[in-house]
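Topology and contacts: notes
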Amino acid sequence: MYHLKHIALVLGVVFFSRLCIDTRGWLINDLALGFTCLPFNKTYYINNKPYNLPLEERYSFINGVHKLWVFSTDEPLYRGSQTKPRSELSINGYKYSTGVWQFEAHVFVPYGTSGVSLMQVFGASYPHASTLMVRVYNGDLYYYREKVIVHDIYNKWFRLNVIHNVECNSVKVYINGILKFKGHGRGGTTHYFKCGVYAQDRDSFYMESQWKNIKIFKKSK
Ligand SMILES: *[C@@H]1O[C@H](CO)[C@@H](O)[C@H](O)[C@H]1NC(C)=O
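The present account deals with the structure reproduced in this document. Values in this document were obtained by computation on a predicted structure and should not be read as measured data.

Near the ligand, the surroundings consist of Pro 39, Asn 41, Thr 43 and Tyr 44. Between the ligand and Asn 41 there is a distance of 2.3 Å, counted from an oxygen atom to a side-chain nitrogen or oxygen. In isolation the ligand has 360 Å² of accessible area, and contact with the protein removes 36% of it.

Following this line, the structure appears as structure tokens:
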């Protein structure tokens, strides 16, 4: 009987407080609570990729999985650009300058991919270009090169949620539903999300990330 009561209690908590149970059976906050999930399809993003290559050589979309890859020797996104190589989904169909916005996706990074930005909140005040970069160095997930968000991310799918509150000038990074990083915004007037691989420093020869279940949310008024 104790077990039944216990189960009923847990289900009650889940139902009434809108908490949810993650894949490991942990009770976690529903990060979508208070947010509206916006439509997401290919009309909402463009692909950035080495300018001299066809898209199929650096991007595939199979069974709902976006796979993006580049080599450190690749060309930048346009001729003459001083930026490093990248293959990114640039979700510029949702540009924003106010409000609270959330990016959610499941991410997979294969062993060896390093020195690369996986995800960005684009837009900041000069001299910065981004408000947030989620990077990988040697198997650990980083806030820029400054702080480890979580260790040991190679070769497993994990859920990444990023919440950017423009008015509060804050960014939060959740891994598998758990808050792992909280930081400040960096100003800027226009923002949008990007994900994929964008070479940074000490970049590995080959860089790849895979993405599925990409969702864009906006906090409801
Ligand atoms: C993308 O989603 C929008 C909004 O739901 C819809 O109007 C549009 O037809 C969709 N486009 C594609 C290519 O699926």
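Let's shift gears to the environment of Asn 169. If you trace the backbone, Asn 169 turns up in the loop between β13 (158–165) and β14 (170–175). For Asn 169, a relative accessible area of 33% corresponds to the partly exposed category. Separated by 38 residues in the primary sequence, Asn 169 and Thr 131 place their C-alpha atoms 9.5 Å from one another.

Once that is clear, we can look at the nonpolar core. With 46 residues, the main nonpolar core has Phe 103, Leu 118, Met 119, Leu 141, Leu 160 and Trp 211 as its most contacted residues. Formed by 6 residues, the second largest nonpolar core is a distinct cluster that contains Leu 31, Val 100, Ile 163 and Tyr 174.

Here we come to unusual backbone geometry. Following Tyr 126, the chain continues to Pro 127 via a peptide bond in cis, the omega torsion being 10 degrees. Considering the arrangement of structural elements, one finds Pro 127 in the loop between β9 (116–122) and β10 (130–137). A positive phi angle, close to 50 degrees, is found at Asn 63, a residue other than glycine. Take Asn 63: it is sitting in the loop between β5 (59–62) and β6 (65–71).

On to the pattern of salt bridges. As enumerated under the stated definition, the model contains 9 salt bridges in all. Taking the shortest distance from any N to any O, the salt bridge between Lys 194 and Glu 88 comes out at 3.3 Å. Of the two residues, Lys 194 is situated in strand β16 (residues 191–199) and Glu 88 in strand β7 (residues 86–96); the sequence distance between them amounts to 106 residues. Glu 88 carries the same exposure label as Lys 194, and that label is buried. The shortest N-O distance in the salt bridge between Asp 201 and Arg 202 comes to 3.6 Å. Looking at Arg 202, the relative accessible area reads 56%, which means it is exposed. Among the charged side chains, a network of salt bridges with common partners joins Arg 135, Arg 145, Asp 201 and Arg 202.

What follows covers the sheet that holds β7. What the 7 strands build is an open sheet, ordered β4-β7-β16-β9-β10-β11-β12; its pairing is antiparallel. The outermost strands of the open sheet, each flanked by one partner alone, are β4 (46–48) and β12 (147–150). Averaged over all adjacent pairs, the angle separating strand axes in this sheet is 25 degrees, with direction ignored. Relative to β12, strand β11 (residues 140–143) runs antiparallel, the two being bridged by 3 bridges. Across the sheet, residue Tyr 143 finds its bridge partner in β12, namely Lys 147.

Reading the values: the criteria
- Residues numbered from 1 in each chain as written.
- Predicted model: local features only at pLDDT ≥ 70, side-chain atom pairs only at ≥ 80, totals over all residues.
- Heavy atoms only, no water.
- Near = heavy atom within 4 Å.
- Polar contact = N/O pair within 3.5 Å; in protein donor to acceptor, adjacent residues only side chain to side chain.
- Areas by Shrake-Rupley, 256 points an atom, 1.4 Å probe, with all protein chains shown as cover.
- Helix = DSSP H or I, 4+ residues; strand = E, 2+ residues; numbered from the N terminus.
- Buried < 20%, exposed > 50% of the residue type's maximum accessible area, 1.4 Å probe, protein only.
- Core = buried A, V, L, I, M, F, W, Y, C linked by side-chain atoms within 4.5 Å.
- Salt bridge = Lys/Arg side-chain N within 4 Å of Asp/Glu carboxyl O.
- Pairing = 2+ DSSP bridges.
- Axes fitted to C-alpha atoms, helices over the stretch in contact; angles between N-to-C directions.

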